[in-house]
Amino acid sequence: MDKRSERPGRLWLDLLHRFLDANGGKMNGKLLLAIVVVALVVIVGFVAFRLVLVDMILTLRDSR
């Protein structure tokens, strides 16, 4: 079976399994906390960027 025909979420599971195998099958709490913190920072940054972008667009529209 071709790897491209598999579901896209399967890639993330494969990467997680490879990471756990490389780490001896263990994931400590610090690493999990770091992953969660990085994910939250990325999400908050994306939302802030979108809000600033929408505010700029609305300001340009009002100036005409």
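Residues numbered from 1 in each chain as written. Predicted model: local features only at pLDDT ≥ 70, side-chain atom pairs only at ≥ 80, totals over all residues. Heavy atoms only, no water.

1. Considerations on a nonpolar patch on the surface
At step 1: A cluster of nonpolar side chains, contributed by Ile43, Phe46, Val47 and Leu51, occupies part of the molecular surface with about 410 Å² of accessible area.
At step 2: For Phe46, the position within the fold is in helix α2 (residues 29–63).
At step 3: Residue Phe46 is classed as exposed on the basis of its relative accessible area, which comes to 51%. (Patch = residues over 30% accessible without salt bridge, like charges linked within 9 Å, V, L, I, M, F, W, Y side chains within 5 Å. Areas by Shrake-Rupley, 256 points an atom, 1.4 Å probe, with all protein chains shown as cover. Salt bridge = Lys/Arg side-chain N within 4 Å of Asp/Glu carboxyl O. Helix = DSSP H or I, 4+ residues; strand = E, 2+ residues; numbered from the N terminus. Buried < 20%, exposed > 50% of the residue type's maximum accessible area, 1.4 Å probe, protein only.)

2. A look at helix α1 (residues 9–22)
At step 1: Here α1 contains 14 residues, and its C-alpha end-to-end distance of 20 Å stays within 8% of the 20 Å for a straight helix at 1.5 Å per residue.
At step 2: Once α1 ends, the next one or two residues include Gly24, with phi positive near 80 degrees. (Expected span 1.5 Å × (residues − 1).)

3. A closer look at the environment of Thr59
At step 1: With respect to the helices and strands, the residue Thr59 is situated in helix α2.
At step 2: Judged by its relative accessible area of 46%, Thr59 is partly exposed.
At step 3: At a separation of 2.7 Å, a polar atom in the side chain of Thr59 contacts the main-chain carbonyl oxygen of Asp55. (Polar contact = N/O pair within 3.5 Å; in protein donor to acceptor, adjacent residues only side chain to side chain.)

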